[in-house]
Amino acid sequence: MKKIISVKDISLDYKERDIFKKIMGSNGSIGIEDISFDVEKGKIFSIIGLNGSGKTSTLKCILGLMKPDKGEIEVFGKKKLEGTDFEKVGYLPEISYYPKSMKLIDLMRYYGELYNISKGDLDKKIDIILTKLDLISRKNDRLEKFSKGMVQKVGIAQAILNDPKLLFLDEPMSGLDPLAREMVIEIILELKSKGTTIFFNTHILEDVANIADKVAIINKGRLVEILDMEKIALKQDDFLLKDYFIKTLSELRVD
Amino acid sequence: MKKILTIGKYTLKENISNKVFNGILYFGVLSIFFTTLLDEVALYEGGRVIRDSGLFFTEFLIMLIIVYISSTYVIKAVTEKSIYLVLTKAVTKSKYIMGINLGIIYSVFCNVLVMGGILGIILYIQGEFDWWYIRALFFIGLKLSILSSLGIFFSIISDSAVTSTIFTLFTYILGHGVMEIKAISEKLTGTVFQWILDLLYIILPKFNLLNYKDHLITTDINYLLIIGYIIVYITCVITATNIVFQRKRL
């Protein structure tokens, strides 16, 4: 299977980067240490871990928003995502604020134009996506009127606007009600069926267990284990990711 | 180029729908209307008084809007993480900087058009509207365009909105006193202060060149030289902003 992402021994030390923290010996953010994994084309790869374990930092390094102190990253066979490569990528940040005074339709057109989607296609695409996410009736509303869950849906809408080949979702289920979560899972599975590779970080383990092909457990910036969910399902019918995750982390604490 | 224009267009849209932006703009329009009251107290000079005070309000209030927007824009985008959404859509950091510069310059001229347009109508009724008035408005726009680029620069080098706002405001004030800075520097020959003041004289924008009041009475202005200076100055500020922004940890 073709690799879309290849991460080899990447490390990132926040303390080294922040002179103040270095002097004070603060250990607020751990960063990441010697993380390696591959993501295959058309698969769903998920990273799970506690808060501050390095999930978002790993994702940002892959996206090129942060430069690791050491290690190598390849995306689409290239050392760095740049220029038009990003037109094949969708990204939903963990927490993102959108200009509240802007109308949803304007925000979507803005991102669509940045993706170089032609004007004719853009409005049709926006309508399809907003319908899927049940936001179509709010298309002309300003974002200041949106609830947290709706803002999260806006984030998902902008991330899939360009029919990405590679989709990064950082906590996509955060703030969503059960119905909306179901809707997002459907969208993720639909994208997967079209060949999109999906990389996502989350806390909500039930969702991961249902849709991910591979799950990486990360703790205090270190990769603990990569689980192949298909193989596990074949071997163990009653496997519960949540229990396994808690057990693994408890064992690490005892060590 | 297309992406720079897109970012510029949507930065303008975002600013136009901003409540603080609109609040100050409404206040500006009201202030201009109030200047018409001065007609009653200014014997035979009503039109001129309205024009001068109207132009003052136009520049002062747009300056407040621009300082607020430009010196907080990037800081807000970084803290609110909205910058990631743009940078992960095939937009380089330099295109992003040029785009927001363009968007804020659009906002400057949009404000000048609204407030200046209303004042223009009042002046036309008073019989004081002339070609010099349009030039004065254009110069206000140019002066505040430089200020907006500097505001963005300060918002990149500083992580605090308060600091970058203070820097931008001080630059606006000092930019009007560059000739005075030069005069003081000439009196302090051979001291460290002279070196500092000379450096300030070089790097500060020469807002005295764009002082609309002077251009309402002067006829011998080399417009090409002034516009050339503004283009070079803004280009230098954007280049410096770009260099710092490339190294900034987001």
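A word on the overall build of chain A. Secondary structure summary: chain A contains 10 helices and nine strands in total. Expected size for 255 residues packed as a compact globule is a radius of gyration near 18 Å; at 19 Å, chain A falls within 12% of this value. Taken along the three principal axes of its C-alpha coordinates, chain A extends 55 × 50 × 35 Å. With 255 residues in all, chain A has 41% of them scored as buried. Of the contacts made within chain A by residues no fewer than 6 positions apart, 72% connect residues no fewer than 24 positions apart.

Quick look at the overall build of chain B now. Check the secondary structure of chain B and you find 12 helices and zero strands. Taken from the N to the C terminus, the helices and strands of chain B come in the order α-α-α-α-α-α-α-α-α-α-α-α. The C-alpha radius of gyration computed for chain B amounts to 19 Å, which stays within 12% of the reference 18 Å derived for 250 residues, consistent with globular compactness. The dimensions of chain B, computed from C-alpha atoms along their principal axes, are 60 × 50 × 30 Å. Taken across its 250 residues, chain B has 40% of its residues classed as buried. Counting contacts in chain B only where the partners sit at least 6 residues apart, residues at least 24 apart contribute 80% of the total.

Looking now at the interface of chain B and chain A. If you look at the interface, chain B gives 21 residues, while chain A gives 24 residues. Secondary structure elements with two or more residues in the side of chain B that touches chain A: α1 (2–16) and α5 (82–87) of chain B. Classifying every residue of the side of chain B that touches chain A gives eight nonpolar, five polar and eight charged.

So, about the pairing of strand β3 (residues 44–49) of chain A. All names here are of chain A. Counting buried positions along β3 gives six out of six residues, so the element sits mostly inside the fold. Pairing of β3 with strand β7 (residues 197–202), which is carried by five bridges, proceeds in the parallel orientation. Within the sheet, the bridge partner assigned to I44 lies in β7 and is I198. Of the pairings in the sheet, the one linking β3 to strand β8 (residues 214–219) comprises five bridges and is parallel in character. Each residue of the ladder has a partner; that of I47, found in β8, is A216.

Structurally, the α-helix is built with 3.6 residues per turn, so residues lying three or four positions apart point the same way. Given a rise of 1.5 Å per residue, 34 residues ought to cover 50 Å, and the 49 Å separating the end C-alpha atoms of helix α6 (residues 93–126) of chain B matches this to within 8%. G127(B) sits one or two residues past α6(B) and shows a positive phi near 80°.

It is worth spelling out the nonpolar core at this point. Membership of the largest hydrophobic core comes to 129 residues, with the highest contact counts inside it found for A157(A), I160(A), F168(A), I62(B) and I66(B). Setting aside anything within four residues of it in sequence, one finds F168(A) in contact with L59(A), L63(A), V89(A), G90(A), Y91(A), L92(A) and F199(A).

For chain A, per-residue confidence averages 83 on the pLDDT scale, and 92% of positions sit at 70 or higher. When pLDDT is averaged over each element of chain A, helix α4 (residues 104–114) of chain A comes out on top at 91 and helix α2 (residues 19–24) of chain A at the bottom at 49.

Turning next to the packing of helix α2 (residues 19–35) of chain B against helix α4 (residues 46–79) of chain B. Residues and elements named next belong to chain B. At a minimum axis distance of 9 Å, the contact between α2 and α4 shows a crossing angle of 170°. Relative to α4, the element α2 lies roughly antiparallel. In this structure, α2 contributes V20, F21, I24, L25, F27, G28, S31, I32 and T35 to the contact, and α4 contributes I50, S53, G54, F57, T58, L61, L64, I65, Y68 and I69. When grouped by side-chain class, the residues that make up the contact of α2 with α4 number 13 nonpolar, six polar and no charged.

Turning our eyes to something else, we now look at unusual backbone geometry. At D34(A), a position not held by glycine, the phi torsion is positive, near 45°. Inspection of the secondary structure puts D34(A) in strand β2 (residues 32–40). Even without glycine at this site, K81(B) takes up a positive phi of about 65°. Relative to the helices and strands, K81(B) resides in the loop between α4 and α5.

Before going further, it helps to spend a moment on the environment of S53(B). All names here are of chain B. Along the chain, the position of S53 falls in helix α4. For the pair S53 and I121, spaced 68 residues apart in sequence, the C-alpha to C-alpha distance is 15 Å. With near-sequence residues (within four places) excluded, S53 lies in contact with T35 and L38.

A separate point is the environment of L142(B). Relative to the helices and strands, L142(B) is located in helix α7 (residues 131–157). Taking the C-alpha atoms as reference points, L142(B) and M115(B), 27 residues apart in sequence, are found 15 Å from one another.

Glancing now at the environment of M183(A). Residue and element names in this part refer to chain A. Checked against the element boundaries, M183 lands in helix α7 (residues 178–193). As for M183 and D134, which are separated by 49 residues in sequence, their C-alpha atoms are 9.1 Å apart. Once you skip the residues sitting within four places of it in the chain, M183 turns out to touch L133 and D134.

Now for the pairing of strand β9 (residues 222–228) of chain A. Residue and element names in this part refer to chain A. Sheet analysis places β8 next to β9, joined by six bridges and oriented antiparallel. When the sheet's bridge partners are listed, K214 is paired in β9 with D228. Connecting β8 to the next strand, β9, in antiparallel fashion are two residues, including K220 with a positive phi near 45°.

Moving on, we come to the packing of α4(A) against α1(B). The contact between α4(A) and α1(B) brings their axes to 9 Å, and the two run at 165°. It follows that α4(A) is roughly antiparallel to α1(B) by the angle criterion. When you trace α4(A) past α1(B), the crossing you get is left-handed. Each of D106(A), Y110(A), E113(A) and L114(A) in α4(A) lies in contact with α1(B), whose residues at this interface are K3(B), T6(B), Y10(B) and K13(B). In the contact of α4(A) with α1(B), the residues fall into three nonpolar, one polar and four charged.

Each value, and the rule that gives it
Residues numbered from 1 in each chain as written. Chains lettered and ligands numbered in written order. Predicted model: local features only at pLDDT ≥ 70, side-chain atom pairs only at ≥ 80, totals over all residues. Helix = DSSP H or I, 4+ residues; strand = E, 2+ residues; numbered from the N terminus. Rg over C-alpha atoms; globule rule 2.2 N^0.38 Å. Buried ≥ 20, exposed ≤ 12 C-beta atoms within 10 Å, placed from the backbone. Contact = placed C-beta atoms within 7 Å. Nonpolar A, V, L, I, M, F, W, Y, C, P; charged D, E, K, R; others polar. Pairing = 2+ DSSP bridges. Expected span 1.5 Å × (residues − 1). Core = buried A, V, L, I, M, F, W, Y, C linked by C-beta atoms within 7 Å. pLDDT = per-residue confidence, 0-100. Axes fitted to C-alpha atoms, helices over the stretch in contact; angles between N-to-C directions. Parallel < 35°, antiparallel > 145°, perpendicular 65-115°, else oblique. Left-handed = near helix turned anticlockwise from the far one by under 90°.

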